[in-house]
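# Analysis of the macromolecular model
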Amino acid sequence: MIKDIKKFQDLSLEEKKEVLEWRNSDFVRQFMYDKNKISLQNHLKFIDNLDEKKIYLKVADLGVVNFKIFDKYVEFGIHKNPYKQKVGSKLLEIGINEAFKYQNKIILYVYEDNIKAINLYKKFGFIEVDKKDNLIKMELKNENRTV
């Protein structure tokens, strides 16, 4: 069981820089809404402005899970440490367990060409509920989860 899960606000400066390095890697940026590199200054400002409805967690050295909490669901995202292999399932399992602490339904968006991620989400019980342009909206209800 992974115990090293920290909110971004509780990270040391070194850990914040590590997360930024992951986020700015070409591998991760290709799957983000904003594909631009983020400056350290903007990254630190983003962390300082997080509130109780936006939760970003560094999960050991596996990657990041994030939640935006709404009245009836949690919008969910993950990105793995690009320098680690075969950590997606573990990161997703941890993220799902954390997200269900807040609401009983998870919504996520994934680019249609991110086949690996789509297959992983389906393996964990997510279903496609909508598609707009090149984004697929998927959801998982607590009662349908497989982990």
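Refer to the structure printed above.
Description of the structure in this document. Remember, it's a predicted structure, so these values are computed and weren't measured experimentally.

## Things to note about the overall build of the chain
Looking only at helices and strands, the chain features five helices and seven strands. Counting from the amino terminus, helix and strand elements in the chain follow one another as β-α-α-α-β-β-β-α-β-α-β-β. The C-alpha radius of gyration computed for the chain amounts to 15 Å, which stays within 12% of the reference 15 Å derived for 147 residues, consistent with globular compactness. The burial tally for the chain puts 43% of its 147 residues in the buried class. Once local pairs closer than 6 in sequence are excluded, the contacts in the chain between residues at least 24 apart make up 56%. Carbon together with sulfur atoms contributes 47% to the accessible area of the chain, which is approximately 8800 Å² in total. Averaging the coordinates of the 29 positive side-chain charges in the chain and doing the same for the 23 negative ones gives two points 2 Å apart.

## As for the pattern of salt bridges
For the coordinates displayed, the defined rule picks out eight salt bridges. Here Glu139 ties to Lys105 by a salt bridge, and the two come within 3.8 Å at their closest N and O atoms. In this pair, Glu139 sits in strand E7 (residues 135–141) while Lys105 sits in strand E5 (residues 105–111), placing the two residues 34 residues apart along the sequence. Measuring nitrogen to oxygen at the nearest pair gives 2.7 Å for the salt bridge that ties Glu112 to Lys131.

## A word on the packing of aromatic side chains
Taken as a whole, this structure holds eight aromatic pairs when the rule is applied. On the basis of an interplanar angle of 45° and a centroid distance of 5.9 Å, the ring pair of Phe67 and Tyr102 is categorised as tilted. Of this pair, Phe67 sits in strand E3 (residues 63–69) while Tyr102 sits in the loop between helix H4 (88–99) and E5, placing them 35 residues apart in sequence. Under the relative-accessibility criterion, Phe67 is labelled buried at 1%. Residue classification places Tyr102 among the partly exposed residues on the basis of a relative accessible area of 33%. Aromatic rings pair up to connect Phe8, Phe46 and Tyr56 into one cluster.

## Digging into the sheet that holds strand E2 (residues 54–59)
Pairing between the strands of a sheet is mediated by backbone hydrogen bonds and can be parallel or antiparallel. Taken together, seven strands build an open sheet; the order of strands is E1-E2-E3-E4-E5-E7-E6 and the sheet is mixed. The open sheet is flanked by strand E1 (5–7) and strand E6 (127–132), the only strands paired with a single partner. Here the average twist between neighbouring strands, direction ignored, is 25°. The strands that helix H5 (residues 115–123) touches are strand E4 (74–80), E5 and E7; relative to E5, the one it contacts most, it runs at about 160°.

## Notes on the pairing of E5
Across the seven residues of E5, five count as buried, placing the element largely inside the fold. Examined bridge by bridge, E4 and E5 share two bridges and lie parallel to one another. Each bridged residue has a counterpart across the sheet, and for Glu75 the counterpart in E5 is Ile107. Viewed along the sheet, the connection from E4 through H4 into E5 turns out right-handed. Alignment of E5 against E7, held across seven bridges, turns out to be antiparallel. Bridging from a neighbouring strand, Tyr109 pairs with Lys137 of E7.

## Describing the side chain of Glu15
For Glu15, the position within the fold is in helix H1 (residues 13–24). There is a polar contact of 2.8 Å between the side chain of Glu15 and the backbone nitrogen of Ser12. Setting aside residues up to four positions removed in sequence, Glu15 forms contacts with Lys6, Asp10 and Lys58.

Scoring rules and cut-offs
In this convention, every chain numbers its residues from 1, walking through the sequence in written order. pLDDT decides what is reported in this predicted model: residues at 70 or higher carry local features, side-chain atom pairs at 80 or more are listed and counted, and totals for whole chains, interfaces and linings draw on all residues regardless. Side-chain calculation: all heavy atoms of the structure are included, whereas hydrogens and water are not. Under the DSSP-based scheme used, a helix requires at least four consecutive residues in state H or I and a strand at least two consecutive residues in state E, with every element numbered from the N terminus. A radius of gyration in this sense is built from C-alpha atoms; the matching globule rule multiplies 2.2 Å by the number of residues raised to 0.38. Each residue gets one of three labels from its accessible area relative to the maximum for its type: buried under 20%, exposed over 50%, partly exposed in between, using a 1.4 Å probe on protein chains only. The contact criterion used is simple: two residues touch if any of their non-hydrogen atoms lie within 4.5 Å. For accessible areas, the Shrake-Rupley method is used with a probe of radius 1.4 Å. Any residue's cover is judged against the shown protein chains and nothing else. When charges are counted, Lys and Arg are positive and Asp and Glu negative, with His and the chain ends excluded. Charge positions come from single atoms, namely NZ of Lys, CZ of Arg, CG of Asp or CD of Glu. Put simply, a salt bridge is a Lys or Arg side-chain nitrogen that is within 4 Å of an Asp or Glu carboxyl oxygen. Paired rings are identified among Phe, Tyr and Trp, the last through its six-membered ring, by centres lying within 6.5 Å, and are further divided according to the angle between planes into stacked (under 30 degrees), edge-to-face (over 60) and tilted (the rest). If DSSP finds at least two bridges between two strands, the strands pair. Axis lines are fitted through C-alpha atoms, for helices just across the contact stretch, and the angle between N-to-C directions can take any value from 0 to 180 degrees. Whether a crossover is right-handed depends on one test, that the path from the first strand over the helix to the second runs clockwise when the strands point away from the viewer. Polar contact is defined as a pair of N or O atoms within 3.5 Å, subject to the rule that within protein one atom must be able to donate a hydrogen and the other to accept it, and that residues adjacent in sequence are counted only when both atoms are side-chain atoms.

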